[in-house]
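Read off the chains here:
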Amino acid sequence: MDADSLHYSLELVAGSGNILNTEHRTALQTSLLILRKNYKFNRVLFWGKIMGIKEDYFIAQGRGDDELKDKKNLYSFNCMDWFLLPPATIPMIEEVSKAATGRFMGDASHVYENTILKKVGDEDEVEEELVKTTEEHRLAVTIHLIDDESSVIPRGAFIKNPHGFVQVNRCFEGLTESQAAKLDSFLHFRDPKTLKKKSLLELSELNQTIDFLDLLTDDVPKGMWSLQFENANKVLILRCLLWLGMTFYHVPMTPQHGYIYIGDGVRNLDLSFML
Amino acid sequence: MDEHRDRSGDKMLKSSAAFKTFLMKNSQKSNMNLYDHLTRLLLKVMDEQPNDAVDIFEDLSYDVKRGLFEDTKNRLRDLPHTTLAELLAEQQRLLFTQQEDTEHEDELVESPLPNINEIGFYLEQAGVGLGREEMQRIFLALKQLVDSQPLILHCRLWGKILGTQSNYIVAEVEFKDWDNENEKSDQAAEEEQNEARESEENEMDQLPQSTYKPPPVVPKEPMGTGSNKNVYYVCKEPGLPWVKLPSVTPAQITVARQIRKFFTGRLDSPIKSYPPFPGNEANYLRAQIARISAGTHVSPQGFFHVGEEEGEEEDEAPRDSYEVNPDFDGVPVSEMVLSLSMWVHHVQHILKQGRCSWINLAVKPEEDQNEEGEAEETEEEPDEPEPEVGPPLLTPLSQDAEMFNTPPWSTKISSTLTSQHAVAVLRSNLWPGAYAYACGKKFENIYIGWGLKYTGQGYSPPLPPPPQKEYPSEPEVTEALDPTVEEEQVLEDALEEQQAAPEEMENTDEEEEEEEEQELDND
């Protein structure tokens, strides 16, 4: 969620149960402004909190000219001192998925080790391979995956300008209440994966400037998103059941929207059993 | 000369009349004519006297044309939509009405209503909560609940359970004395069901009875003890009516331990799972609430102590009651954060059986009373099930077992910058969403989450049991090979021989009889 609107948007997502301490909120207001100046971001968002056993990580995300591609993540323990995370590359993702198990420890230099049995050639020999990764890498990869699989925007909130940059749509006035009650007014904020598989008939109805992202309704399993009106039915809340703790809010008929993740950073693999 | 002028004047008049008629010709498309349009336009310019009329002349012309369409406006108007927010607001308005018949004496008596504003403040320091306005609405809804039920001893906000379609706000209530009416109505319902089943059986022909005997059902704990100590009320949004949840049975707890399901938000939706859950979502919700309370309700050590009257109790009976300790001074926050032994559980642990107090199912109460002595002896035999023992009440958290390589609790102080006035926060890692705070003499527990336990890497559902044997194997039912033709032939020959032998005997007997008859006849 935008750093500028932090003080009122935190109340809107409070239905999920986690809110920020007043102390943290004021610290964030100060430090995010300083962060924006230092790193020359266009916008700074408070991405959320990943809870570790000993300590919690506060995550901030800075956006550059292209909102979809220029993203930088930073973490902090006390909302004041921020450390830059490396961008998540594919070999890093593989390394983390093999090595990291269990919950986050809370210590950025913690090393996860895992021995994997690998078959050597065609024989029955089994080789043990030790895979290691640090918690910092795990953090970077987790944030990347959560953004990839569960970040949401309302349809029309971002537009693609002729250069191909994705930018905030300043003319977005919000969805109407009936539009907001339908799940197909929301899009994934990531490089589109299922859009290319659509048929020509469906593609012809889309508006190229705002419909360049995947729909939420194309997600598998179907019940992955929980759509509710909260806070005396004024705010629309979308909760992701795959990453428990991801909450998206939108106030209909206003341009306010945003998402925040407060949770333990573990994917909910049992989703299919639980629906 | 005049004639010339007249003729040219006439010509001009004629041409102007012709031109005027031309102007007044109605256009085929819009049934308007230029003459009327120009008249109206010039009248408009005269009335409004705009600056630079010549520059905006075309716009003026459009405006006049547009203005002509008012008469064909639709007489129907859109109905104003009632938004969902407006519907809920109507119901939540009732929260804010003040009862006029409250006696002022009630202010002196301790009200069972908790001070949610204060609790909300401390929870906010801990980083947990539902937002100030929502807490205020919940506060008023709890007040409505307390006012509507006269026998409440204690009332607490237990927390909020999130669901896929809507959420539940849960309130925990302890009654002063247990109405047996509730139990009677449940028993009456059960009896009616049994009678219905029996009458059905009598009407139909008796079908072959199966020899399967299901394992004995563990009886549920009576109201007011163990896992049924408190009654829980839920509501969807503050302002909507509170619904009472049924009491929990041990079978429901054992199955709830094996399944993993999201709540949908509707109390009557069925739970489709394996092993099949005995009940619907209301029962599942109650079972999870019981498990969460037993696992995560903690208090600072010393806040509660076991009643002094029970100092001479036997070692076997578990302690199941506690009292508020009047001498509790409060523990400094830094100590509470550093060591887990300063926190204790104040809710009884639920045993594997599904109850808090163990019941021996192997002993049949219908047997003769002579066997009571034997029954006591059999408890000590290793064949009989051993009594399950859980950790006694008020055990410190440092004795909680670590599961899945994660410590079960994480402690934190709410603020490092102003630690003199900070709050100690305890977070459960086994039940994500369970928090407890303590500050001086005050403490509180709350749960806001999905109602699911942390199960490590993945959940694997229990396997189905091996298939039962269909029937006992008896020689009548076992298959045997049919005899071949040669064997049958041999058997037939043997039989014929056997028959031939007695037949000869019979024949000789018959012959003798015949001879006797003949002789008699002859005589």
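That block above? That's the structure.
The structure reproduced in this document is the subject of the present report. (Residues numbered from 1 in each chain as written. Chains lettered and ligands numbered in written order. Predicted model: local features only at pLDDT ≥ 70, side-chain atom pairs only at ≥ 80, totals over all residues. Heavy atoms only, no water.)

Glancing now at the overall build of chain B. On a plain count of helices and strands, chain B comes out with 12 helices and 12 strands. Here the analysis covers contacts within chain B between residues at least 6 apart in sequence; of these, 64% occur between residues at least 24 apart. Total accessible area on chain B is roughly 36000 Å²; 51% of this is exposed by carbon and sulfur atoms. (Helix = DSSP H or I, 4+ residues; strand = E, 2+ residues; numbered from the N terminus. Contact = heavy atoms within 4.5 Å. Areas by Shrake-Rupley, 256 points an atom, 1.4 Å probe, with all protein chains shown as cover.)

This part takes up the pairing of strand β2 (residues 168–175) of chain B. Residues and elements named next belong to chain B. Most of β2 is tucked away: seven of the eight residues are buried. As judged from the eight bridges shared by strand β1 (residues 152–161) and β2, these two strands associate in the antiparallel manner. Across the sheet, Cys155 pairs through a bridge with Val173, a residue of β2. Two successive antiparallel strands, β1 and β2, enclose a turn made up of six residues. Sheet topology places β2 next to strand β3 (residues 231–235); five bridges connect them, and they run antiparallel. (Buried < 20%, exposed > 50% of the residue type's maximum accessible area, 1.4 Å probe, protein only. Pairing = 2+ DSSP bridges.)

Glancing now at the packing of aromatic side chains. Residue and element names in this part refer to chain A. Counted under the stated rule, the structure contains 22 aromatic pairs over all chains. With centroids separated by 5.7 Å and ring planes inclined at 40 degrees, the aromatic side chains of Trp47 and Tyr261 adopt a geometry described as tilted. Residue Trp47 is found in strand β1 (residues 43–51), and its partner Tyr261 is found in strand β14 (residues 257–263); the two are separated by 214 residues along the sequence. Each member of the pair Trp47 and Tyr261 is classed as buried. Seen from their ring centres, Tyr75 and Phe83 are 5.3 Å apart, and the 45 degrees between their planes marks the pair as tilted. Tyr75 gets classed as buried once you look at its relative accessible area, which sits at 4%. Residue classification places Phe83 among the partly exposed positions, given a relative accessible area of 39%. (Phe/Tyr/Trp six-rings, centres within 6.5 Å; stacked < 30°, edge-to-face > 60°.)

Our focus in this paragraph is helix α4 (residues 135–150) of chain A. Between its first and last C-alpha atoms α4 of chain A spans 22 Å; for 16 residues at 1.5 Å apiece the expected length is 22 Å, and the two agree. With 13 of 16 residues buried, α4 of chain A is to be regarded as a mostly interior element. (Expected span 1.5 Å × (residues − 1).)

Residues and elements named next belong to chain A. With respect to the helices and strands, His188 occurs in strand β10 (residues 186–188). Side-chain polar atoms of His188 contact the side chain of Asp219, separated by 2.7 Å. Apart from the residues within four sequence positions on either side, His188 is in contact with Asp148, Glu149, Ser150, Ser151, Leu213, Asp214, Leu215, Leu216, Asp219 and Trp225. (Polar contact = N/O pair within 3.5 Å; in protein donor to acceptor, adjacent residues only side chain to side chain.)

Attention shifts here to the environment of Cys240 of chain A. Looking at the secondary structure, you find Cys240 of chain A in strand β12 (residues 235–240). Ignoring any residue separated from it by four or fewer positions in sequence, one finds Cys240 of chain A in contact with Ser150, Met224, Trp225 and Met246 of chain A.

Of all hydrophobic cores here, the largest spans 86 residues; its most connected members are Ile50 and Leu139 of chain A. A per-element tally of this core places helix α9 (residues 281–296) of chain B first, with eight residues. Ignoring any residue separated from it by four or fewer positions in sequence, one finds Ile50 of chain A in contact with Asp56, Tyr57, Ile59, Phe104, Leu139, Thr142, Ile143, Tyr261, Gly263, Asp264 and Gly265 of chain A. With 36 residues, the next largest nonpolar core counts Phe139, Met223, Cys235 and Val425 of chain B among its residues. (Core = buried A, V, L, I, M, F, W, Y, C linked by side-chain atoms within 4.5 Å.)

So, on to the packing of helix α2 (residues 34–48) of chain B against helix α3 (residues 57–67) of chain B. Residue and element names in this part refer to chain B. Two numbers describe how α2 lies on α3: the axes approach to 10 Å, and their chain directions differ by 110 degrees. Comparing the axis directions of α2 and α3 gives the class roughly perpendicular. Considering the relative orientation of α2 and α3, their crossing is right-handed. From α2, His37, Arg40, Leu41, Lys44, Val45 and Glu48 reach across to α3, where they touch Phe57, Leu60, Ser61, Asp63, Val64 and Lys65. For the contact of α2 with α3, the residue count by class is five nonpolar, two polar and five charged. (Axes fitted to C-alpha atoms, helices over the stretch in contact; angles between N-to-C directions. Parallel < 35°, antiparallel > 145°, perpendicular 65-115°, else oblique. Left-handed = near helix turned anticlockwise from the far one by under 90°. Nonpolar A, V, L, I, M, F, W, Y, C, P; charged D, E, K, R; others polar.)

This part takes up the side chain of Ser150 of chain A. Residues and elements named next belong to chain A. Structurally, the position occupied by Ser150 is in helix α4. Note on Ser150: relative accessible area 1%, which makes it buried. Residue contacts for Ser150: discarding those within four places in its chain leaves His188, Trp225, Cys240, Trp243 and Met246.

With that settled, consider the pattern of salt bridges. For the coordinates displayed, the defined rule picks out 23 salt bridges over all chains. Several salt bridges converge on common partners, so that one network encompasses Asp2, Arg43, Arg63 and Glu67 of chain A. (Salt bridge = Lys/Arg side-chain N within 4 Å of Asp/Glu carboxyl O.)

All names here are of chain A. For strand β2 (residues 56–63), a buried count of eight out of eight residues is recorded, marking the element as mostly surrounded by other parts of the structure. The two faces of β2 match: Asp56, Phe58, Ala60 and Gly62 on one face and Tyr57, Ile59, Gln61 and Arg63 on the other face are all buried. Pairing between β1 and β2: eight bridges, direction antiparallel. In the strand pairing of β2, Gly48 is matched with Ile59. Between β1 and β2, which pair antiparallel one after the other, the connecting turn spans four residues. The pairing of β2 with strand β3 (residues 71–76) spans six bridges and is classified as antiparallel. In the sheet register, Gly62 faces β3, and the bridge partner there is Lys72.

A word on unusual backbone geometry. The step from Val220 of chain A to Pro221 of chain A runs through a cis peptide bond, and the omega angle for that step is -5 degrees. When you line up the elements, Pro221 of chain A lands in the loop between α6 (200–204) and β11 (225–230). With an omega dihedral of -5 degrees, the bond running from Tyr274 of chain B to Pro275 of chain B counts as a cis peptide bond. Following the sequence through the fold, Pro275 of chain B ends up in the loop between α8 (250–258) and α9. For Lys40 of chain A, which is not a glycine, the phi torsion comes out positive at approximately 60 degrees. Within the fold, Lys40 of chain A resides in the loop between α2 (22–39) and β1.

For the rest of this paragraph, the subject is the sheet that holds β2 of chain B. Read across the open sheet, the eight strands follow the order β4-β3-β2-β1-β12-β11-β10-β9 (chain B); overall the sheet is mixed. Two strands lie at the open edges of the sheet, namely β4 (243–244) and β9 (409–413) of chain B, each paired on one side alone.

This next bit is on the environment of Gly159 of chain B. All names here are of chain B. Checked against the element boundaries, Gly159 lands in strand β1. Among the residues examined, Gly159 registers a relative accessible area of 4% and is labelled buried. The residues touching Gly159, leaving out its near neighbours within four places in the chain, are Tyr168, Ile169, Val170, Ile446 and Tyr447.

This paragraph deals with the interface of chain A and chain B. If you look at the interface, chain A gives 38 residues, while chain B gives 48 residues. Taken together, the connections running from chain A to chain B amount to five salt bridges. A salt bridge links Lys412 of chain B to Asp56 of chain A; the nearest nitrogen and oxygen atoms lie 2.8 Å apart. Across the contact surface, chain A and chain B share 22 residue pairs in polar contact (both at pLDDT 80 or more).

A word on a negative patch on the surface. Among the surface-exposed residues, Asp482, Glu486, Glu487, Glu488, Glu492, Asp493, Glu496 and Glu497 of chain B lie close enough to one another that they form a single negatively charged patch. Here Glu497 of chain B shows up in helix α12 (residues 485–522). (Patch = residues over 30% accessible without salt bridge, like charges linked within 9 Å, V, L, I, M, F, W, Y side chains within 5 Å. Lys, Arg positive; Asp, Glu negative; His and termini not counted. Charge placed at Lys NZ, Arg CZ, Asp CG, Glu CD.)

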